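Read off the chains here:
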Amino acid sequence: MLASLGLSSTASLYAHLPGEALLGRELAIEPGWSEYEIVDWFRARGEANTHFKASFLGAGVYAHYRPVLVDTVVSRGEFLTSYTPYQAEIAQGTLTTIFEFQTMVCQLTGMDVANASMYDGSTAVPEAALMAMRITGRDHVLVARSVHPEYRQVLATNARNQEMTVDEFGYGPASGLVDLAGLEAKLSAKTAAVIVQSPNFFGCVEQVRALAELAHKHGALLVVCFAEAVSLGLLRPPSEADIVCGELQSFAISPSFGGPFAGVMACKEKYLRQMPGRLVGQTVDANGNRAFCLTLSTREQHIRRERATSNICTNQALVALMATVFMTVYGKEGLRELALQNLSKARYLGGKLRRRFTGAYFNEVAATPAKGTVAEANAKLAARGILGGLDLGRFYPELSGNMLLCATEMNKREQMDIVAEVMGA
Amino acid sequence: MAYPENLRYTKEHEWVLVEGDTGTIGITDHAQSELGDIVYVDLPSAGTKIAQGASLGSVESVKAVSDIFAPVTGEVTAVNEALTSNPEKLNQEPHGGGWLVKVKLGAPDELSKLMSAAEYQAYIGG
Amino acid sequence: MIRKTRLHLVQNEGLLFEESSPGKKAYQLPGLDVPAVDPAAVLDGQAREEIEGFPEVSEVEAIRHFTRLSTYNFAIDLGMYPLGSCTMKYNPRVNEAVARTEGLAWAHPYAPVEHVQGCLEVIHRLEANLAEITGMDAVTLQPAAGAHGEWTGIMLVRALLESRGNPRKKILVPDSAHGTNPATAAMCGYSVANIPSNAKGMVDVAALAAAVDEDTAAMMVTNPNTLGVFEEQIHEVARLLHAKGALLYMDGANMNALVGLSRPGDFGVDVMHLNLHKTFSTPHGGGGPGAGPVAVKKHLEPFLPTPRVIRGKEGFEVVENLPQSIGKVRAFHGNFGVLVRALAYIMAHGGAGLRRATADAILNANYIRKHLAGHYELHTEAPSMHECVFSDDKQSPQGVRTGDIAKRLIDYGFHPYTVSFPLIVHGALMIEPTETESKQELDLFIDAMKSIAREVEEDPQLVKSAPHRTRTPRVDEVLAARKPILRWRP
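The structure reproduced in this document is the subject of the present report. Only a predicted model underlies this, so the values are computations on that prediction, with no experimental measurement involved.

Regarding the overall build of chain B
- Looking only at helices and strands, chain B features four helices and nine strands.
- Its helices and strands in sequence order give chain B the pattern β-β-β-α-β-β-β-β-β-α-α-β-α, from N to C terminus.
- Counting only C-alpha atoms, chain B reaches 35 × 35 × 20 Å along its principal axes.
- Put simply, chain B has 126 residues, and 47% of those count as buried.
- Sequence-distant contacts in chain B: of pairs separated by 6 or more residues, those separated by 24 or more amount to 62%.
- Surface accessibility of chain B: about 5700 Å² in total, with carbon and sulfur atoms responsible for 50%.
- Charge-centre separation for chain B: the mean point of 8 positive side chains lies 4 Å from the mean point of 18 negative side chains.

In C-alpha cells, the structure reads:
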C-alpha cells in the first residue's frame, strides 16, 4: 500500500506535521497484552471488589435480575456495532426498536411522547428543567430535597452558567413526602418548574396529582422524575405531570459502578418541539410500506448549532435496547408481578425495622438501627456477606443515624431476617 | 413562478402585501424552492410586536431551519393556522395561501426600503 | 459491478404490540417467599391499573422479534463504515467480555471504598493512560459522551476565568466545526463567533488574530480538523489565544489520527475531550453509550468535577470535597462499563501498538484518497491524516449529489460516508476508513466508488433513486416530519 502511494515508510505519512508537535518517543504504556492476560487482569480487579451474597443498597442503583435474553440480543453485532441510524434504509432494526422503546416509555409514564434516551437520570433532570424554562419563559426552578441528591447536584452544576435559579423545598420530617405548604410558599410567577421524584429518594410514593394542581395553579410545569423504574409496574403513571424524566437502570442494566445507564425524557404532546434528544418517527418507504426514521432533527445541535434545544448527540441507544428487551420479556403481566414482589419484600423488611418515615413506600425504606451507628450495622452485615444500606447522613445531615435499605426480587427472606436482626428492631 | 407586482420584497426573500393599514407577510417562491419540502412553520401569536429586519419566526425543512425576517414593523393581527397542519401549503402557494401572518402596519414609510417585483427578480437572477 | 453483496431472504416482522396476545409471557419469577401484599391497600391510592398496550409475547417470539429486526441493520461486523469523524473501527469482543466481569458489572457505586478497590483501580489506570496519550496533566472520566465532555470542558474554562475575575463573553469556533461545539458554548452562557478557514481548510490565523480579544474565553478547535487536515499552525493559534488570556479547547473527535504520534498537551491545548466510542473502540451501539473523558493542564485541575479517584496510602480513595470544583456533571462515576472497554483496548495495543494503529489509519485514508482522486473532486491539496474529504463537483452537473452517491454505496455493501459535512465544503463526501479495514475491503470500497462515478455518467437516475437492493427503499423523511407519529397506538 505504501508503494502505491509512492512512499517508503509510514513515517512519511506524517512527515508534514510541525516537528515540535511530534512525540519523539513511544508512549509510556506497557506493550500490548494477549486476550488471556486482559481477561485475567480484569477478573482479578473484579475479585479485588468485595463479593457479597446479597445487597440491600439501592439509592438510585438497584440490583434486579437480568433476563438472559437481554445480553443475547444486545450482543448481536447488528445492534452492538451499528452507528446512529441516520441512514434509515439500513438501520430499520435499530429504528424499530427505538420506536418500540418510545412507545413503552409512554405507556409506562402516561406521557404522549418520549425521546430515544438521555445519558442517565441525573442528566435528564437539568434537561427537563431547561425544557420547562423554554416553554414557560421563566427561569426559576424549584426542586424537592427528596429528589436524588446527585441529580440535584448535577442540576446545580447546570445552573451555574445558565439563566437558571434553583431553589429547594423540603420534605415532611415525619412523612418523608414533599412538604406541600413549604412548596406553595416558594411558588411564584417566576417558577418554571417544580421537580419531584416518585418514589422519592427515601422510597416514599408522592401524591403526583396534588403536586400537579399546585404547580399548575402558579403557571409552572410539574416535572416528575423516577430512579426506580420497576415501580412503574405498580404505581399510577404520573399523567398529570408535564414532563417525566428518569433512570431505567432497573430494567436489566447492570449496576456497573454507576454506568452506562439510560435516561428517559417524556412529555405532553404540546411540548414536543422543546424536547431535547433524538426522536424516531413512523413514515413510509418508496414502496409505501411502513418504515421508521429519525425525525424533527431541526431541534438538534447538528442543524440548529448554538440555538439547539441541547448539545446532546451520542445517547444510550444500546442500553435503551436492554431496557426494551427487558420490558418485552416481562411484559404487561410480568412487570406488574415483578413490582409486586419488590413491594411485598420491602413491606416484609420494613415491617421488621424501625422505619424513619410514615409515607407509603415501594421497595426502599429508611430505617434507624436500634443501637449503634449505620457504619456499625453495615460492618456487621458485611461480616455476614451482606452489603447493607446507604447512610442517609452522607447527603442529609439531619438524617444521620438512618439507613436507606432496598429490597428487590433478588433478596431472600432469610437475608432480610439477618438485616432485621442486625438492625435490632 | 411569477412574482406578483402588488407585493414588495426583501433581500431575505420575504414579501409583504399592503392593503390599507394591514400588511400580509409571506416568503417568496425562490425561498421555498431553496428550502425544499417545508415540514414546520413557527409563527408568533396574535398581538406580538415585530420590527422590520428582526426575526419573526422560522420555517423548517427536514434538515434546515431558516429565520423569517419581518419585512415591516407592526403588530401581528392574524396567523395562518392552516400552515400548522399543512406546512406544504408554503411550497405550493408561497405568494397566496401560504401567507404567514397579517400585521397592523406600524411604520408605513419603511415600505420604500423594499424591492418591487422586477427589482427582486433581478436580485435573485443576479 | 457489485461484488460484495447479493440479495437474500429477509423475514417481515411487526411491532411488539401487534405481535402480542393476551396472557403470553416470556418471564419466570421465583415463588414469593414473603406474604404478598395488596398494592391498593398499601400504596396510598397510587396503585395503577394494567399497563395498557404493553407487550405480551412468548420467549421464542421475543427472540425472533429482535433477531429479525437486527437483520435490517448494517453494522461494522458486516462491513466497512467509512463515516468521517465518527471513527467506526472494529469493536474487539474481549472488551465486551471484560465489561461483564461479574465483580465489576455488579459493583455498586455507593459501596464503601474498601469494597470497590478493583473498580477504582480501573478508573485510576485509565486516567493515567489517557493523560499520557494526550500529554495532559489530569483527566476526568465523568462525562457520558463527547458533547457532555465538551460542556464539562467549557465549564472548566469558565470556572478558571471566573477565578481570575472575569468569565469573558465569547467562544471562537472555526466554520468547519461540529455542531456540538457552538451548541456547547451556548449552553455554558457564551456567545459564538465563527472563524473562517483558509484555502487549505485550516484556521485562518490572520482572522483569528483579528477576532481574539479580552472578551474571548476560548477557541474550540478540532485537530486534525473536519477536513482531516492537521492544523499546522496550531502552535501559533495557541500563542495568539494565550497572549490574550484565552484558552485553547480541543475537540478530540479526530484523535484517532494522533494517538502515539502527537500529543495535544505538547502543542498548546489547555483542555480537551476524547470520545472513547470513537478512538478507543467501544461499540457505538446504534447511537450510544459513549464516554467523553476530559483531559486538562495543571491550571484547570482544581476545577475538575467530583468525585475524583486518588491513590492513597491504603489503597484508592474517592474525593468528593474539592472547593473549586465545578461540581457534579453526572451521578456516580461516569459510564464505567465503557471505561472498562476502553482500558482493555489500550492494554491490547500497548504504547507501540497504539502508534501503529494511528499510522495504519492514516495510511488507509491516504490510500483511498490516492485511488479516488480523479474520480471525485478532492477538496484540498493539504495532506490528509485519518480521513479525506471530496466534493460532488464532478457529479453534480449530472444532477447527482453527495447524498445520492452515499445511498448508492449501500447497494455495494458499504455504509455511506459522512454526507454534506463539513459545511464549508459544498456537497462534501467525508471518508474515514480507520485502521481496522484490510486492503481487500479498501479495494472493494474504491472499486465501488469508481463504479458509482461511472454510473453517474451513464445512468444518473440509477444513482439518484438508490438504494435498490435493500429491504427498505428510500424513506419519506418529509412525511415523518410533517405528520409526526412518534409512538404506536392501537
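Let us keep going from here.
Considerations on the interface of chain C and chain B
- Contacts between the two partners involve five residues from chain C, matched on the other side by ten residues from chain B.
- The junction of chain C with chain B conceals about 580 Å² of combined surface from both sides, 49% of it contributed by carbon and sulfur atoms.
- Considering only the surface of chain C that becomes buried against chain B, Glu-477, Val-478 and Arg-482 of chain C emerge as the three largest contributors, covering 75% of it.
- For the interface between chain C and chain B, the tally reads one salt bridge.

Points about unusual backbone geometry
- Between Asn-223 of chain C and Pro-224 of chain C the backbone carries a cis peptide bond, its omega angle lying at -5°.
- Tracing the backbone shows Pro-224 of chain C in the loop between strand 4 (216–222) and helix 10 (234–243).
- Pro-422 of chain C follows Phe-421 of chain C through a cis peptide bond whose omega is 0°.
- Residue position: Pro-422 of chain C is located in the loop between strand 12 (418–419) and strand 13 (428–431).
- Positive phi outside glycine occurs at Ser-256 of chain A, with the angle close to 40°.
- With respect to the helices and strands, Ser-256 of chain A occurs in the loop between strand 7 (243–247) and strand 8 (263–267).
- One non-glycine residue with positive phi stands out, namely Ser-281 of chain C, at about 70°.

Some thoughts on the pattern of salt bridges
- Under the defined criterion, the tally for this structure stands at 56 salt bridges over all chains.
- For Arg-330 of chain C, the salt bridge identified is with Asp-120 of chain A, shortest N-O distance 3.7 Å. Of this pair, Arg-330 of chain C sits in the loop between strand 9 (315–319) and helix 11 (336–372) while Asp-120 of chain A sits in the loop between strand 2 (113–114) and helix 5 (121–136), each in a different chain. For the pair Arg-330 of chain C and Asp-120 of chain A, one class covers both residues: buried.
- Its salt-bridge partner being Asp-77 of chain C, residue Arg-93 of chain C comes within 2.3 Å of it at the nearest N-O pair. Of this pair, Arg-93 of chain C sits in helix 4 (residues 93–99) while Asp-77 of chain C is found in the loop between helix 3 (59–70) and helix 4, placing the two residues 16 residues apart along the sequence.
- Looking at Arg-93 of chain C, the relative accessible area reads 30%, which means it is partly exposed.
- Salt bridges sharing partners connect three or more residues here, namely Arg-66 and Asp-71 of chain A together with Glu-96, Arg-100 and Arg-341 of chain C.

Looking at a nonpolar patch on the surface
- Together, Tyr-65, Val-68 and Met-410 of chain A together with Trp-106 of chain C make up a nonpolar patch on the protein surface, roughly 380 Å² of accessible area in all.
- Relative accessible area serves as the criterion here: at 61%, Val-68 of chain A is assigned to the exposed category.

Some details on the packing of aromatic side chains
- Scanning the model with the defined rule gives 28 aromatic pairs over all chains in all.
- Ring centres 4.9 Å apart and planes at 85° place the aromatic pair Trp-41 of chain A and Phe-42 of chain A in the edge-to-face group.
- Residue Trp-41 of chain A is classed as buried on the basis of its relative accessible area, which comes to 11%.
- Feature note: the residues Tyr-171, Phe-201, Phe-202, Phe-261, Phe-357, Phe-395 and Tyr-396 of chain A together with Tyr-110 and Phe-332 of chain C constitute an aromatic cluster, connected by ring pairs.
- In this arrangement the basic side chain of Lys-4 of chain C is found over the ring face of Phe-414 of chain C, its NZ or CZ atom lying 4.5 Å from the centre.

A word on the pairing of strand 5 (residues 191–197) of chain A
All names here are of chain A.
- Judged by how many residues are buried, strand 5 sits mostly within the fold: seven of seven residues are covered.
- In terms of strand pairing, strand 3 (residues 140–144) meets strand 5 through four bridges, oriented parallel. Residue pairing in the sheet places Leu-142 in a bridge with Val-194 of strand 5.
- Looking at chain direction, strand 5 and strand 6 (residues 221–226) are connected through five bridges and run parallel.

Regarding the interface of chain A and chain C
- Listed per partner, the contact involves 182 residues of chain A and 187 residues of chain C.
- Considering only the side of chain A, the residues that lose the most area to chain C are Glu-89, Phe-257 and Lys-332 of chain A, jointly responsible for 6% of the buried surface there.
- Between Arg-394 of chain A and Glu-320 of chain C there is a salt bridge, and its shortest N-O distance comes to 3.7 Å.
- Our count for the chain A to chain C interface comes out at 74 residue pairs in polar contact (both at pLDDT 80 or more).
- Top contributing element to the side of chain A that touches chain C by residue count: helix 10 (residues 317–351) of chain A, with 25 residues.

Things to note about the side chain of Ser-451 of chain C
Residues and elements named next belong to chain C.
- For Ser-451, the location among the structural elements is in helix 13 (residues 439–458).
- Judged by relative accessible area, Ser-451 falls into the buried class, the value being 4%.
- Polar side-chain contacts of Ser-451 include one of 3.4 Å to the backbone nitrogen of Met-1.
- In this structure, Ser-451 is in contact with Met-1 and Tyr-412, ignoring residues within four places of it in sequence.

Some points on the sheet that holds strand 13 (residues 390–391) of chain A
All names here are of chain A.
- Reading across the sheet, the three strands line up as 11-14-13 and stay open at both edges, with antiparallel pairing between neighbours. Of all the strands in the sheet, just strand 11 (364–367) and strand 13 have a single pairing partner and so form its edges.
- Two elements, strand 11 and strand 14 (residues 403–406), share four bridges in a ladder whose sense is antiparallel. Across the sheet, residue Ala-366 finds its bridge partner in strand 14, namely Leu-404.

Some details on the sheet that holds strand 6 (residues 271–274) of chain C
Residues and elements named next belong to chain C.
- Taking strand neighbours across the sheet as the criterion, the seven strands line up as 1-7-6-5-4-2-3 in an open arrangement whose pairing is mixed. The sheet is open, and its two borders are formed by strand 1 (138–140) and strand 3 (191–195), each paired with just one other strand. Ignoring strand direction, the axes of neighbouring strands in this sheet form an average angle of 25°.
- Sheet topology note: the strand 1/strand 7 (residues 294–296) ladder contains three bridges and is antiparallel. Note that in strand 7 the partner of Thr-140 across the bridge is Val-294.
- Its contacts with the sheet place helix 7 (residues 146–163) against strand 2 (170–174), strand 4, strand 5 (247–252), strand 6 and strand 7, and it is angled at close to 170° to strand 5.
- The sheet contacts of helix 10 involve strand 2, strand 4 and strand 5, and relative to strand 5 the element is tilted by about 140°.

Digging into the packing of helix 6 (residues 117–134) of chain C against helix 11 of chain C
Residues and elements named next belong to chain C.
- Where helix 6 meets helix 11, the axes come as close as 10 Å, and the angle between the chain directions of the two elements is 45°. Between helix 6 and helix 11, the interaxial angle falls into the category oblique. Considering how the two elements wind past one another, helix 6 and helix 11 form a crossing that is left-handed. Within the contact between the two elements, helix 6 uses Cys-119, Val-122, Ile-123, Arg-125, Leu-126, Asn-129, Leu-130 and Ile-133 and helix 11 uses Phe-336, Leu-339, Val-340, Ala-342, Leu-343, Ile-346, Met-347 and Leu-354.

With respect to the environment of Pro-44 of chain B
- Take Pro-44 of chain B: it is sitting in the loop between strand 4 (38–42) and strand 5 (49–50).
- Each C-alpha atom of the pair Pro-44 of chain B and Glu-14 of chain B lies 16 Å from the other, and the pair is 30 residues apart in sequence.

Looking at helix 6 (residues 149–159) of chain A
- Counting buried positions over the eleven residues of helix 6 of chain A gives nine, a clear majority of the element.
- Where helix 6 of chain A is concerned, the buried positions are Pro-149, Glu-150, Tyr-151, Arg-152, Val-154, Leu-155, Thr-157, Asn-158 and Ala-159 of chain A.

Quick look at the environment of Gly-182 of chain A
- Here Gly-182 of chain A is to be found in helix 7 (residues 180–186).
- Distance from Gly-182 of chain A to Glu-168 of chain A, taken between C-alpha atoms, is 9.7 Å for residues 14 residues apart in sequence.

As for the packing of helix 12 (residues 402–411) of chain C against helix 13 of chain C
Residue and element names in this part refer to chain C.
- The N-to-C vectors of helix 12 and helix 13 enclose an angle of 125°; their axes lie 10 Å apart at closest approach. When the interaxial angle is binned, helix 12 and helix 13 end up oblique. Crossing angle aside, the handedness with which helix 12 passes helix 13 is right-handed. Mapping the contact onto sequence places Ile-405, Arg-408 and Leu-409 in helix 12 and Phe-445, Ala-448, Met-449, Ile-452 and Glu-455 in helix 13.
- Split into classes, the residues belonging to the contact of helix 12 with helix 13 amount to six nonpolar, no polar and two charged.

A short note on the side chain of Thr-408 of chain A
Residue and element names in this part refer to chain A.
- By the element assignment, Thr-408 lies in the loop between strand 14 and helix 12 (413–423).
- Engagement of the side chain of Thr-408 in a polar contact is seen with the backbone oxygen of Ala-63, the distance being 2.8 Å.
- Apart from the residues within four sequence positions on either side, Thr-408 is in contact with Ala-63, His-64, Asn-342, Lys-345 and Asn-363.

Parameters at a glance
Residues numbered from 1 in each chain as written. Chains lettered and ligands numbered in written order. Predicted model: local features only at pLDDT ≥ 70, side-chain atom pairs only at ≥ 80, totals over all residues. Heavy atoms only, no water. Helix = DSSP H or I, 4+ residues; strand = E, 2+ residues; numbered from the N terminus. Buried < 20%, exposed > 50% of the residue type's maximum accessible area, 1.4 Å probe, protein only. Contact = heavy atoms within 4.5 Å. Areas by Shrake-Rupley, 256 points an atom, 1.4 Å probe, with all protein chains shown as cover. Lys, Arg positive; Asp, Glu negative; His and termini not counted. Charge placed at Lys NZ, Arg CZ, Asp CG, Glu CD. Buried area = accessible area lost by both parts, 1.4 Å probe. Salt bridge = Lys/Arg side-chain N within 4 Å of Asp/Glu carboxyl O. Patch = residues over 30% accessible without salt bridge, like charges linked within 9 Å, V, L, I, M, F, W, Y side chains within 5 Å. Phe/Tyr/Trp six-rings, centres within 6.5 Å; stacked < 30°, edge-to-face > 60°. Lys NZ or Arg CZ within 6 Å of the ring centre and 35° of its normal. Pairing = 2+ DSSP bridges. Polar contact = N/O pair within 3.5 Å; in protein donor to acceptor, adjacent residues only side chain to side chain. Axes fitted to C-alpha atoms, helices over the stretch in contact; angles between N-to-C directions. Parallel < 35°, antiparallel > 145°, perpendicular 65-115°, else oblique. Left-handed = near helix turned anticlockwise from the far one by under 90°. Nonpolar A, V, L, I, M, F, W, Y, C, P; charged D, E, K, R; others polar.

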